[in-house]
Amino acid sequence: MNEAPAVRGVILYGPPAAGKDTVTRALTSADPVFALFSRVKVGRGRSAGYRMSTPEELAALRESGAVVYENSRYDSTYVTDRPGLDQAFAAGVPVMHLGQVDGVRAVLDGYPARWLTVLLWCPREVTAARSADRGDADTSARLAAWDATEADLAANPNVEFDLTIRTDEIAPEAAAQQIRQALTERQDSAPGELVLVDFDDTLIDRFAAVTAWVATYCTGHSLGPAVEQRMLEAMRIRADRDVVETLCAELGLPDSPDAFWARYEPELAAAVRPFPGVIEALTDLREGGHQVVVVTNGGGQIQRAKLAASGIADVVDTVCISGEVGVRKPARQIFEAAAASIGRDLSSGGWMIGDNADLDIAGGRDAGLRTVWISHGRPWPGSTRPDHVARTAAEALALIQGGAR
């Protein structure tokens, strides 16, 4: 099936024993590019098909903002996580099993990709018979879940699935063929180019916000210009907990690292502003059919706070943050994860836009992307030049919108 890399992901929704497992096996048998997405599970019982985890690991996922959707059923918690989806899209076409309309919506909204949504359905008596035949010890709980699924659909009459399949009427192989055919038919609506774009000092004026914050902090604590200069020097490019701990120890700052960070993170997020024209240029680019992913180094919590406060989060398809995927620019893997986050891969090419010659331009070029360097009026500092140079991000985005090659 040559089309598979261009299709995206499949969501199978339905009550227990509707055939999600058997249809997935039929898809995988027809083409191994399809693979079950293994959700994180915290709890007891069946472990096959899940990535078993602990309450502590789940808390860490929540804290980092990596949970796309979670629900509890059968005395366990099931989690759809962003890192897991990144890996699944990078490997092929993930097939996700969900039993809640809220879950379908959360994934469609929280992890933008070209999802095909499929309702698998069977009558209640078929669920009962199938559960008994496979030896389930909790058939009554499965039937209660069937009732909940029926109520879920009734409570959401406006929900629309791309495909509905009665698994009591057709064989799994025929259901798989219908899904593959539906995916093939969606090929004609392929999106425009992939556009990866840096965040700090490309889309937003982070340096101005950090400079103002450091000045306010030093004035408020009667710290001299030497301390202010050292803080700004350390925080100019990267300010994380390690940097904060170093500064507190080195300069004897009046706040503990925890107190410093508790103030810095929300105040900086509230202070950042997009550069002029950026919101409009991003909106125009996406309306033109391109897919835009912010790819940025930094911690998940502070970067997402800045993305939300600046309005950037509302005008891009999704974001890829080093603190969440576990790899930083200029490593190729973060560009791969960014592409995979919207169901694409680097083999189809695309763009990387950024202000850093090493992280953004060299990294993007090494990943096989065309590049636009944001100069902010500076001369090019590197050796091999980018494909294009633009003074601002708005100009760079307009270049791509205008068909630059």
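This report concerns the structure included in the present document. (Residues numbered from 1 in each chain as written. Predicted model: local features only at pLDDT ≥ 70, side-chain atom pairs only at ≥ 80, totals over all residues. Heavy atoms only, no water.)

Here we take up the overall build of the protein chain. When helices and strands are tallied, the protein chain shows 17 helices and 15 strands. In terms of C-alpha radius of gyration, the protein chain reaches 24 Å, essentially the compact-globule figure of 22 Å for 405 residues. With respect to the principal axes defined by its C-alpha atoms, the protein chain has extents near 75 × 50 × 35 Å. Looking at the protein chain as a whole, 50% of its 405 residues are labelled buried. Pairs at least 24 apart in sequence give 67% of the contacts found in the protein chain among residues at least 6 apart. As displayed, the protein chain offers around 17700 Å² of accessible surface, 50% of which is attributable to carbon and sulfur atoms. (Helix = DSSP H or I, 4+ residues; strand = E, 2+ residues; numbered from the N terminus. Rg over C-alpha atoms; globule rule 2.2 N^0.38 Å. Buried < 20%, exposed > 50% of the residue type's maximum accessible area, 1.4 Å probe, protein only. Contact = heavy atoms within 4.5 Å. Areas by Shrake-Rupley, 256 points an atom, 1.4 Å probe, with all protein chains shown as cover.)

All right, on to unusual backbone geometry then. For the bond from K329 to P330, the omega torsion is 15°, close enough to zero to count as cis. One non-glycine residue, S222, adopts positive backbone phi at about 55°. Overall, the relative accessible area of 69% leaves S222 in the exposed class.

Before going further, it helps to examine the pairing of strand 14 (residues 370–374). By the criterion of burial, strand 14 is predominantly enclosed, with 5 of the 5 residues buried. Residues R370, V372 and I374 point to one face of strand 14 and T371 and W373 to the other, with burial holding for every one of them. In this view, the connection linking strand 13 (residues 351–354) to its parallel neighbour strand 14 by way of helix 16 (residues 357–366) has right-handed handedness. Here strand 14 pairs with strand 15 (residues 388–390) via 3 bridges, running parallel. Within the sheet, the bridge partner assigned to W373 lies in strand 15 and is V389. (Right-handed = clockwise from strand over helix to strand, strands pointing away. Pairing = 2+ DSSP bridges.)

Further remarks concern the nonpolar core. In this structure, M231, M235, F260, Y264 and I312 are the most contacted members of the largest nonpolar core, which totals 50 residues. Examining the composition of this core, we find that 6 residues originate from one element, helix 8 (residues 206–220), more than from any other. Apart from residues no more than four positions distant in its own chain, F260 is found in contact with W213, Y217, M231, M235, V244, C248, L253 and D255. (Core = buried A, V, L, I, M, F, W, Y, C linked by side-chain atoms within 4.5 Å.)

Before going further, it helps to spend a moment on the environment of A212. Turning to its location among the elements, A212 is positioned in helix 8. Along the primary structure A212 and L232 are separated by 20 residues, whereas in three dimensions their C-alpha atoms are 9.7 Å apart.

For the rest of this paragraph, the subject is the pattern of salt bridges. Tallied over the entire structure, the rule returns 18 salt bridges. For R230, the salt bridge goes to E233, with nearest N and O atoms at 2.9 Å. Pair noted here: R230 and E233 are both in helix 9 (residues 225–235), with a separation of 3 residues, about one helical turn. The class for E233 is exposed, based on a relative accessible area of 53%. Within this structure, R166, D168 and E169 form a network of salt bridges that share partners. (Salt bridge = Lys/Arg side-chain N within 4 Å of Asp/Glu carboxyl O.)

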